[in-house]
Amino acid sequence: MAELLIPPAQQLIDGEWAPARDKGELPVTDPATGQTIQAVARAGRADVDDAVAAARRAFPGWAATSPSERGALLRRWAELIGRHVEELAAHEARDVGKPLSGGRMNGYIAQGIVDYFAGAADKLTGVTLPTRSPGYLGYTVQEPYGVCAVVIPWNVPSVLTAANVAPALAAGNTVVLKPSEVAPLAPLALAELARRAGFPPGVLNVLTGEGAEAGAALTSHPGVNHISFVGSTTTGRAIMRAAAENLVPVKLELGGKSPNVLFADADMDVAIPAIVGSITENAGQNCYAGSRLLVEASVKDEVVERIAAAMRAVRLGPWDADLDMGPLISEAQYRRVLGFLEEAPRQGARLVTGGGPAREWAREWAGERAGGRPDGWFVEPTVFDDVDPGSRLYREEVFGPVLAVQAFSGTAQAVEMMNDTDFGLLACVWTNDVSRALRLAGEVRSGQVSVNQFADAGVIGFPFNMQKDSGFSRGGGHGAMREYTQEKAVAIRLLDR
Ligand code: NAD
């Protein structure tokens, strides 16, 4: 089995690894050390032109391939991901700074997603429409758009590559993927596995480069027919403006400020570790992170104490120490998160635990291995109580291990506070009262709700939906096949009747 190496400073265009046209490069660094892992190509406008042209050439042949054949290639890709999951995990973990087991989990999730869309490829159907008399036939077909531009962030690159590329390809589109400049290695590794699986040249192209450069050139390119963007709300707005110029559809999956809503009757032994995990997994750098805790007033003090103790027990270290939490992705992110930590007490929040940098903490946990790594962007898992609903900490996405707590009294207030946010990604409700759980699930303004678990564990093909400033998409599940297709309606008069 060939090793899963990524050719330094090269990107995948038209089935070939090649440097940027102007030979530009970008370093990719390990956030636990600041050391360079390897260089990747720095794509410019000419590379974007090449990749879009390759995808346009490949489109007619790929769209004409039978859906079963497309499914078979996706299945082969999924198998290769499974076989190389350890290497893939190492690429993602090192690049993002997350524990190796987190990278491994995402590798398996990516495999499962590609496998799901392998099975979905030949199950995409239109509908037959009712007619006024037997002399007519009406039906719809789902057709691919053409070239899909996929732009993704750095936090879960394997999963986001799979979740956006696999349905697009399954539906018969070709793809130009632009991963984040700070974590492009896992997407490049996945592209190499797709190449080995036998996708025709040009069907999947990957450009590495900066957002303002390669990303902007790709999303404003007139040869692109559909844009799928995952990232911050600010960049999402810029991408939608670019899409307006070319009148292409956009799928946006943006930021979040997801609440865990905890009632006094909940099973605390299940809820508390899950709530801690929801804000420390990936160092809180998840779009759906449970960054707000709304807790029933009668149990607040006890809950906050238990959560603080669990946060203090989180083990920090570099990716290969494989502990509970790694550093933040970059210096910029580190400074941003520390800014929130400094500002929150001035805006009235009460610091319960954490609140600052955590390099010493990481060294202690990871021992010698972290001893030579003084420069990681480690931040303490932090809890603030009594957070003012008007404060930045309560309203903005921090993207770090920082939990904002507020108390509520009664179901009506829980609903009101749960919805008091511009975002609408995920809400988690913790209660043993099924009627109350159903009321909250009905009244919440978010794309996803989970009850007595954080997120969608145990459900296959759970749609990754968004509302409000979190975006709009039909990502995940069978709906994603529709997201990547346009509907054509056909009306026929049967003349020989
Ligand atoms: P970001 O918006 O800075 O960058 C995302 C991607 O867009 C990167 O590939 C970047 O290079 C590119 N980009 C930046 N400027 C661009 C431009 N002008 N034109 C085109 N492309 C451009 O986001 P980030 O910091 O990489 O990621 C963190 C954000 O992603 C958070 O807000 C998080 O909530 C969000 N996110 C959302 C989901 C979801 O499914 N809703 C999933 C993961 C992350």
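In this text, all values refer to a predicted model and were calculated from it rather than measured experimentally.

Chemist: Would you explain the overall build of the protein chain in this entry?
Modeler: Summing up its helical and strand segments, the protein chain has 17 helices and 22 strands in all. Taking 23 Å as the expected radius of gyration for a compact globule of 497 residues, we find that the protein chain reaches 23 Å, a close match to that expectation. C-alpha extents for the protein chain along the principal axes are approximately 75 × 60 × 40 Å. Burial statistics for the protein chain: of 497 residues in total, 57% are counted as buried. Put simply, 75% of the contacts in the protein chain that link residues at least 6 apart link residues at least 24 apart. Total accessible area computed for the protein chain in this model is approximately 19400 Å², and 52% of it derives from carbon and sulfur atoms. Counting 46 positive and 58 negative side-chain charges, the protein chain places the centres of these two groups 5 Å from one another.

Chemist: How should the site of the ligand be read in this particular structure?
Modeler: Neighbouring residues of the ligand: 29 residues in total, closest Lys-178, Glu-181, Ser-232, Leu-254 and Glu-397. Contact distances for the ligand include 3.3 Å between an oxygen atom and a backbone N or O atom of Gly-211. Ser-232 is positioned such that a nitrogen or oxygen atom in its side chain is 2.7 Å from an oxygen atom of the ligand. Secondary-structure elements contributing two or more residues to the shell around the ligand are α7 (211-219), β10 (226-230) and α8 (233-246). The element contributing the most residues to the shell around the ligand is α7, with 4 residues.

Chemist: Would you take a moment to explain the sheet that holds strand β13 (residues 292-296) for this structure?
Modeler: Pairing between the strands of a sheet is mediated by backbone hydrogen bonds and can be parallel or antiparallel. Judged by pairing direction, the sheet is mixed, and its 7 strands sit side by side in the order β14-β15-β16-β13-β12-β18-β19 without closing on themselves. At either margin of the open sheet sits one strand with a lone partner, and together these are β14 (350-353) and β19 (448-451). Each strand axis lies, on average, 25° off the axis of its neighbour in the sheet, ignoring direction. Relative to strand β16 (residues 402-408), strand β15 (residues 382-385) runs parallel, the two sharing 3 bridges. Residue Thr-382 lies in a different strand from β16, and its bridge partner there is Val-402. Helix α10 (residues 300-312) contacts β12 (259-262), β13, β14, β15 and β16 of the sheet and is inclined by roughly 55° relative to β14. Contacting β15 and β16, helix α11 (residues 331-346) crosses the sheet at an angle of about 30° to β15.

Chemist: In this structure, what is going on with helix α1 (residues 45-64)? I would like to understand it.
Modeler: Residues three or four positions apart in an α-helix share a direction because the helix packs 3.6 residues into each turn. Taking 1.5 Å of rise per residue, the 20 residues of α1 would be expected to cover 28 Å, and the 29 Å separating its terminal C-alpha atoms lies within 8% of that figure. Along α1, the positions that sit buried rather than exposed are Asp-47, Val-48, Ala-51, Val-52, Ala-54, Ala-55, Ala-58 and Trp-62.

Chemist: Got a minute to help me understand the UniProt feature "active site" (unreviewed entry) in the protein chain in this structure?
Modeler: As recorded in UniProt, the feature "active site" (unreviewed entry) lies at Glu-253. Structurally, the position occupied by Glu-253 is in strand β11 (residues 250-253). Excluding residues that lie within four positions of it along the chain, Glu-253 makes contacts with Asn-164, Phe-229, Val-230, Gly-231, Phe-464, Met-466, Ser-470, Ser-473 and Gly-475. At 2.8 Å, the side chain of Glu-253 and the side chain of Lys-251 are in polar contact.

Chemist: Mind showing me how you'd approach the side chain of Thr-280 here?
Modeler: Structurally, the position occupied by Thr-280 is in helix α9 (residues 268-280). Here Thr-280 is in contact with Met-311, Val-314, Met-325 and Pro-381, once residues within four sequence places are set aside.

Chemist: Even after reading the chapter, I still don't get the side chain of Thr-411, so can you show me in this structure?
Modeler: Looking at where Thr-411 falls in the secondary structure, it is placed in helix α15 (residues 411-418). Other than its neighbours up to four places away in sequence, Thr-411 contacts Phe-263, Arg-436, Arg-439 and Leu-440.

Chemist: Any chance you could explain the confidence of the model for the protein chain here in plain terms?
Modeler: Keep in mind that low pLDDT regions are not for reading the predicted coordinates in detail. Confidence in the prediction of the protein chain, expressed as mean pLDDT, is 95, and 97% of residues score 70 or more. Per-element averaging of pLDDT across the protein chain places helix α13 (residues 368-371) at the bottom with 51 and strand β8 (residues 174-178) at the top with 99.

Chemist: What is the right way to look at the nonpolar core in this model?
Modeler: Among the nonpolar cores identified, the biggest contains 63 residues, and Leu-262, Leu-293 and Ile-307 are the most heavily contacted of them. Among the nonpolar cores identified, the runner-up in size contains 58 residues, and Ala-110, Ala-121, Val-159 and Val-175 belong to it.

Chemist: Which parts of the structure should I look at to understand the packing of aromatic side chains?
Modeler: Any aromatic ring pair is given by two values, namely how distant the centres are and how the planes are angled relative to each other. Under the definition given, this model contains 8 aromatic pairs. Summarising the aromatic geometry, the rings of Phe-263 and Phe-408 are spaced 5.0 Å apart at their centres and angled 70° between planes, so their arrangement reads as edge-to-face. Note that Phe-263 is positioned in the loop between β12 and α9 and Phe-408 in strand β16, a separation of 145 residues in sequence. With relative accessibility at 0%, the residue Phe-263 sits in the buried group. Residue classification places Phe-408 among the buried positions, given a relative accessible area of 0%. Members of the aromatic cluster, connected to one another through ring pairs, are Trp-62, Trp-77 and Phe-199. The side chain of Arg-392 reaches across the aromatic face of Phe-340, ending 4.2 Å from its centre.

Thresholds, definitions, all that
Residues numbered from 1 in each chain as written. Predicted model: local features only at pLDDT ≥ 70, side-chain atom pairs only at ≥ 80, totals over all residues. Heavy atoms only, no water. Helix = DSSP H or I, 4+ residues; strand = E, 2+ residues; numbered from the N terminus. Rg over C-alpha atoms; globule rule 2.2 N^0.38 Å. Buried < 20%, exposed > 50% of the residue type's maximum accessible area, 1.4 Å probe, protein only. Contact = heavy atoms within 4.5 Å. Areas by Shrake-Rupley, 256 points an atom, 1.4 Å probe, with all protein chains shown as cover. Lys, Arg positive; Asp, Glu negative; His and termini not counted. Charge placed at Lys NZ, Arg CZ, Asp CG, Glu CD. Near = heavy atom within 4 Å. Polar contact = N/O pair within 3.5 Å; in protein donor to acceptor, adjacent residues only side chain to side chain. Pairing = 2+ DSSP bridges. Axes fitted to C-alpha atoms, helices over the stretch in contact; angles between N-to-C directions. Expected span 1.5 Å × (residues − 1). UniProt positions renumbered as here; feature names shortened; annotations may be inferred. pLDDT = per-residue confidence, 0-100. Core = buried A, V, L, I, M, F, W, Y, C linked by side-chain atoms within 4.5 Å. Phe/Tyr/Trp six-rings, centres within 6.5 Å; stacked < 30°, edge-to-face > 60°. Lys NZ or Arg CZ within 6 Å of the ring centre and 35° of its normal.

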